[in-house]
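Okay, here's what each chain looks like letter by letter:
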Amino acid sequence: MAAADSRDCADASGDSIFLSVKPRRILLFSGKRKSGKDYITDILQQRLNHLPCVTIKISGPIKIHWAKSLNLDFKELLGDGEYKEKYRGQMIAWGENMRNKDIGYFCRAAIDMYNACNIPIWIVSDIRRKTDIQWFVENFGSACKTVRIIADDEIRTKRGWIFTPGIDDAESECDLDNMNKWDLKVYNNDDDIDDILDTIISLIN
Ligand SMILES: Nc1ncnc2c1ncn2[C@@H]1O[C@H](COP(=O)(O)OP(=O)(O)OP(=O)(O)O)[C@@H](O)[C@H]1O
């Protein structure tokens, strides 16, 4: 087992491992389906490639689990296509069950999976629950900034969103709807996201 003071991610089984892990800034991104979380965070990561920065997907460990157990392609599950949509319901149900037992389970597993412990800037691209935010804030305090991405339903539909009962009305999609205290809200309705990126980057400095 790795010593905690090595700031190694090797053992992510409990929160105590994170006592010595001190990222300088953690951007916690959330938004409804097809609001553009992956799109914006991917381009943000490219813009920040001169800085020590890592993108973390909390859904990463969930998708690895499903890819292995169903013999699926992990990369397709991570993408924005049909494959992900086909298995989304099952993945949500399994993830929900694990989270109910331990709110930090997937946060820790994702930090471990993306080897983020020694990297000072984290972009968490898929925050979906109040408990996800709670876990990050409890462990990393004021390093955390929340960013809500908003897009009109009409635009989301053009981007491939189809209202799906059991998914769009589930907790994983709606838990953050009534949260109104965001460090930053951005409207992602246009193709040009330069202004959005500049505002987000100002949160890091
Ligand atoms: N500003 C934009 N300009 C052009 N295309 C965009 C923009 N934002 C998002 N898209 C496109 O919309 C689609 C959905 O975006 P994305 O996958 O980033 O959404 P998401 O919020 O991550 O969705 P999900 O919650 O389903 O994973 C993608 O094909 C993406 O390329």
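Just so it is clear, the structure is predicted and the values come from calculations on it, not from any experiment.

Another point: the UniProt feature "binding site: substrate" (unreviewed entry) in the protein chain. Annotation from UniProt places "binding site: substrate" (unreviewed entry) at Asn 188. You can see Asn 188 is positioned in the loop between β5 (184–187) and α9 (194–202). Beyond its immediate stretch of four places on either side in the chain, Asn 188 contacts Ser 35, Gly 36, Ile 40, Ile 149, Ile 150, Ala 151, Ile 155, Arg 159, Ile 193 and Ile 196.

Moving on to the side chain of Arg 99. Relative to the elements of secondary structure, Arg 99 occurs in helix α4 (residues 82–101). Since its relative accessible area comes to 9%, Arg 99 is described here as buried. A distance of 3.5 Å separates polar atoms of two side chains, one belonging to Arg 99 and the other to Asp 132. Among all residues touching Arg 99, those that are not within four sequence positions of it are Ile 58, Ile 62, Phe 106, Arg 129 and Asp 132.

Attention now moves to the site of the ligand. Inspection of the region around the ligand gives 17 residues, with Lys 37, Tyr 39, Lys 84, Arg 88 and Asp 190 positioned closest. With respect to the ligand, the backbone of Lys 34 contributes an N or O atom lying 3.0 Å from an oxygen atom. Between a nitrogen atom of the ligand and a main-chain N or O atom of Asp 190, the distance comes to 2.8 Å. For the ligand, the cavity whose grid points lie within 2 Å of the majority of its atoms is the largest pocket. Contributing elements (two or more residues each) for the shell around the ligand: α1 (37–47) and α4. Among the elements that take part in the shell around the ligand, α1 stands out by supplying three residues, more than any other.

The strand order β2-β3-β1-β4-β5 describes an open sheet built from five strands, whose pairing is parallel. Unpaired on one side and paired on the other, β2 (53–56) and β5 mark the two borders of the sheet. Across this sheet, the average inter-strand angle for adjacent strands is 20°, counted without regard to direction. Here strand β1 (residues 25–31) runs beside strand β4 (residues 144–150); their pairing, made up of six bridges, is parallel.

What follows covers the UniProt feature "binding site: ATP" (unreviewed entry) in the protein chain. What UniProt calls "binding site: ATP" (unreviewed entry) maps, in this numbering, to Lys 32, Arg 33, Lys 34, Ser 35, Gly 36, Lys 37, Asp 38 and Arg 159. In terms of the greatest pairwise C-alpha distance, the residues named above, spread along 128 residues, form a tight cluster of at most 12.4 Å across. Considered against the largest cavity, the annotated residues that line it turn out to be Lys 32. Relative to the assigned elements, Gly 36 resides in the loop between β1 and α1. Owing to a relative accessible area of 13%, Gly 36 belongs among the buried residues under this scheme. With respect to the helices, strands and loops of the structure, Arg 159 is situated in the loop between α7 (153–158) and α8 (171–174).

Our focus in this paragraph is empty space enclosed by the protein. In total, this model carries one cavity of 30 Å³ or more according to the counting rule given. Taken as a whole, the largest cavity holds about 60 Å³ of empty space. In this structure, the largest cavity is lined by Gly 31, Lys 32, Ile 127, Arg 128, Arg 148, Ser 172, Glu 173, Asp 175, Leu 176 and Asp 177. Here the residues of the lining of the largest cavity are counted per class, giving two nonpolar, two polar and six charged.

A few words on the nonpolar core. Counting 34 residues, the largest nonpolar core has Ile 26, Ile 56, Ile 111, Trp 122, Phe 136 and Phe 140 as its most contacted members. For this core, the elements supplying multiple residues, two or more each, are β1, β2, α2 (59–70), α4, α5 (105–113), β3 (121–124) and α6 (130–140). In this structure Trp 122 touches Val 21, Pro 23, Arg 25, Ile 26, Leu 27, Val 54, Ile 56, Ile 111, Ala 116, Cys 117, Phe 136 and Phe 140, once residues within four positions along its chain are discounted. Formed by 19 residues, the second largest nonpolar core is a distinct cluster that contains Leu 44, Leu 48, Val 147 and Ile 196.

What follows deals with a negative patch on the surface. A cluster of like negative charges, contributed by Asp 190, Asp 191, Asp 192 and Asp 195, occupies part of the molecular surface. Here Asp 191 lies in the loop between β5 and α9.

What counts, and at which threshold
- Residues numbered from 1 in each chain as written.
- Predicted model: local features only at pLDDT ≥ 70, side-chain atom pairs only at ≥ 80, totals over all residues.
- Heavy atoms only, no water.
- UniProt positions renumbered as here; feature names shortened; annotations may be inferred.
- Helix = DSSP H or I, 4+ residues; strand = E, 2+ residues; numbered from the N terminus.
- Contact = heavy atoms within 4.5 Å.
- Buried < 20%, exposed > 50% of the residue type's maximum accessible area, 1.4 Å probe, protein only.
- Polar contact = N/O pair within 3.5 Å; in protein donor to acceptor, adjacent residues only side chain to side chain.
- Near = heavy atom within 4 Å.
- 1 Å grid on protein atoms, 1.4 Å probe; cavity = no way out; pocket = protein on both sides within 12 Å on 5 of 7 lines; lining within 4 Å.
- Sits in = over half its atoms within 2 Å of the grid points.
- Pairing = 2+ DSSP bridges.
- Axes fitted to C-alpha atoms, helices over the stretch in contact; angles between N-to-C directions.
- Points joined across faces, edges and corners; volume = space filled by probe spheres on them.
- Nonpolar A, V, L, I, M, F, W, Y, C, P; charged D, E, K, R; others polar.
- Core = buried A, V, L, I, M, F, W, Y, C linked by side-chain atoms within 4.5 Å.
- Patch = residues over 30% accessible without salt bridge, like charges linked within 9 Å, V, L, I, M, F, W, Y side chains within 5 Å.
- Areas by Shrake-Rupley, 256 points an atom, 1.4 Å probe, with all protein chains shown as cover.
- Salt bridge = Lys/Arg side-chain N within 4 Å of Asp/Glu carboxyl O.
- Lys, Arg positive; Asp, Glu negative; His and termini not counted.
- Charge placed at Lys NZ, Arg CZ, Asp CG, Glu CD.

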